Amino acid sequence: MTRVNTLHSEQDSTYDGTEPGSGGTGSAHGGPEVTYDVLGIGFGPSNLALAIAVEEHNAQAAEGDRIRAGFLEKQPRFGWHRGMLIDDATMQVSFLKDLVTMRDPKSSYSFLCYLQDRDRLVDFLNQKTLFPLRIEFHDYLEWAAGRVAGLVEYSCEVVAVRPVTENGEVVAFDVVSRDPGSPDGKIVRRARSLCVATGMEPHLPPSAARSERVFHNSELIPRVGALLDEGTEVRRAVVLGAGQSAAESVDYLHRHFPDAEICSVFAKYGYTPADDSPFANRIFDPEAVDIFYNAPPEVKQSLFDYHRGTNYSVVDMDLIESLSRTMYQEKVQGRQRMRMLNVSRIREIEAHDDGLRVGIEYLPTAERDVLNADLLVCATGYQPRGIDERMGELGKLCRRDDEDALVVGRDHRVATHANVAADIYLQGGTEHTHGLTSTLLSNTAVRAGEIRASLIERRRREPVLKG
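The shown structure was predicted, so the numbers you read here are calculated from the model rather than taken from an experiment.

(A) Region of interest: the side chain of Thr-430. Relative to the helices and strands, Thr-430 is located in the loop between strand 20 (423-426) and helix 11 (431-434). A relative accessible area of 2% places Thr-430 in the buried class. Here Thr-430 is in contact with Val-408, Gly-435 and Ser-438, once residues within four sequence places are set aside.

(B) Inspection of a nonpolar patch on the surface at higher detail. Judged by side-chain polarity, Leu-96, Leu-112, Leu-130 and Phe-131 come together as a nonpolar surface patch covering roughly 310 Å² of accessible area. Position of Leu-130 relative to the elements: it lies in the loop between helix 3 (121-126) and helix 4 (134-147). A residue is classified by how much of its surface remains accessible, and Leu-130, at 42% relative accessible area, is partly exposed.

(C) Local environment of the side chain of Ser-344. For Ser-344, the position within the fold is in strand 15 (residues 344-352). Judged by its relative accessible area of 4%, Ser-344 falls in the buried class. Not counting chain neighbours up to four residues away, the residues in contact with Ser-344 comprise Val-265, Phe-266, Ala-267, Ile-360, Glu-361, Tyr-362 and Leu-363.

(D) Summary view of the sheet that holds strand 16 (residues 355-362). In spatial order, the strands read 15-16-17; together these three strands make up an open sheet with antiparallel pairing. The sheet terminates laterally at strand 15 and strand 17 (367-373), the two strands that pair on one side only. On average, adjacent strands in this sheet sit at an angle of 20° to one another, irrespective of strand direction. As defined by bridge partners, strand 16 adjoins strand 17 across seven bridges and the pair is classed as antiparallel. Looking at the pairing, Tyr-362 lines up with Glu-367 of strand 17.

(E) Local environment of the confidence of the model for the chain. Mean pLDDT over the chain: 89, with 90% of residues reaching 70 or higher. Note on residues 1-30: pLDDT under 50 across the span, and 75 contacts to partners over four residues away in sequence or across chains.

(F) How the structure looks around unusual backbone geometry. Positive phi is not limited to glycine here, since Ser-313 has a value of about 55°. Within the element layout of this structure, Ser-313 appears in the loop between helix 8 (297-307) and helix 9 (317-333). In this structure, Asp-404 takes a positive phi of about 65° despite not being glycine. On the accessibility criterion, Asp-404 (52% relative accessible area) is exposed.

(G) Quick peek at the nonpolar core. Membership of the largest hydrophobic core comes to 40 residues, with the highest contact counts inside it found for Phe-43, Leu-48 and Leu-99. The element contributing the most residues to this core is helix 1 (residues 45-60), with seven residues. Grouped together as the second largest cluster of nonpolar side chains are 30 residues, Ala-237, Phe-257, Ala-260 and Leu-319 included.

(H) Layout of the pairing of strand 12 (residues 236-240). Within strand 12, four of the five residues are buried, leaving the element largely enclosed by the surrounding structure. The sheet contact formed by strand 12 and strand 13 (residues 261-265) spans five bridges and is parallel. Residue Arg-236 lies in a different strand from strand 13, and its bridge partner there is Glu-261. Tracing the backbone out of strand 12, into helix 6 (residues 244-256) and back to the parallel element strand 13 gives a crossover that is right-handed. When strand 12 meets strand 18 (residues 375-378), the two strands line up parallel, connected through four bridges. Counted as the bridge partner of Val-238 is Leu-376 from strand 18.

Calculation rules
- Residues numbered from 1 in each chain as written.
- Predicted model: local features only at pLDDT ≥ 70, side-chain atom pairs only at ≥ 80, totals over all residues.
- Heavy atoms only, no water.
- Helix = DSSP H or I, 4+ residues; strand = E, 2+ residues; numbered from the N terminus.
- Buried < 20%, exposed > 50% of the residue type's maximum accessible area, 1.4 Å probe, protein only.
- Contact = heavy atoms within 4.5 Å.
- Patch = residues over 30% accessible without salt bridge, like charges linked within 9 Å, V, L, I, M, F, W, Y side chains within 5 Å.
- Areas by Shrake-Rupley, 256 points an atom, 1.4 Å probe, with all protein chains shown as cover.
- Salt bridge = Lys/Arg side-chain N within 4 Å of Asp/Glu carboxyl O.
- Pairing = 2+ DSSP bridges.
- Axes fitted to C-alpha atoms, helices over the stretch in contact; angles between N-to-C directions.
- pLDDT = per-residue confidence, 0-100.
- Core = buried A, V, L, I, M, F, W, Y, C linked by side-chain atoms within 4.5 Å.
- Right-handed = clockwise from strand over helix to strand, strands pointing away.

Next comes the structure, spelled out in structure tokens:
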């Protein structure tokens, strides 16, 4: 039995457990009736920017030149780092580096057009800032996502991607996702091209097992909210990490648990200020991607090492100074709740009924201490989601370099084996080829335009797929 699933006014059929495209024909009897030009997996800011770029192209293109696109997102609605939408936190990137402006300043999807729509343009300009509140920028992203809602299906977790072959050549992919209307059902959608933008996943150190008392900072706001609602007593909380998220977590916990001691543990001597100076910021310029991409491997590594201070394990100076003032005021008042355990590492974590025992090593002397704590927040960053573990057979079609990293073209298209005519684009996971902006908002608009241009060019050169 099949059911019609509407995605941008197109039909898809329910996956019934048979192998789509089996038998070497690629047409899969009872399989998808529609082939998308591109199907995006994941719908965060990167694929949202691509959806907008496609929508704007289709609005001006002749019917035969339009791109048939769809996007799948496992979340029930659009969301971007919701667990860190701290009420007074600001963006670390200019509002002009929104979803469209760097690609097309005339686009109606810009942050300024959002402000005009929300009747806040004058008020924002009076703030004299380039950096909006994080909650405001998230609202902008939701506003933009709502305008392209016809392109995306939410609550659609992709569970497999299978190549479709014709005469030994991979001409398309069948993307299998869970059917949100049926717990055991699957839906298959076929696409000539994929654009994978599944983001990064929270990373916890090996010694930290996620529990009610141990969690990643990406869950900070809902976890703290639940503790406050339940009236749970927090006498001491430990934050592991030295970057912006760690510093924000320390500040947030300190404000929301006024009777608790907040301990920040990190291996540095102190927080390192983010390098947001004008010349250093040029590493995020669109033309810097060309320079990085064409550079030899040793130069790529040097550029990454020289400029990691623009993004990795660094903290805004305003926040550093605010935390320092708080610590000094507490010393003056004789009640120090904020403690910085610098040049230290967490060596072991033991969970007990009444809380945690966190073993801390002071690195210069190897001296050990144990903290009794109620919470441990791991602000320990994110790691890329490997294409192999997420997409199964997809990874086997991709070419790799001598370091076993994916070979990726300048147009963000993964290099594949000779018998693969279908395309795989990546948004994220390409720092080794495209530089620091691979996972950042800075180049999102431009990257979406480059992928759209590549899709249009390759579509013109390729024959129409059967079915």
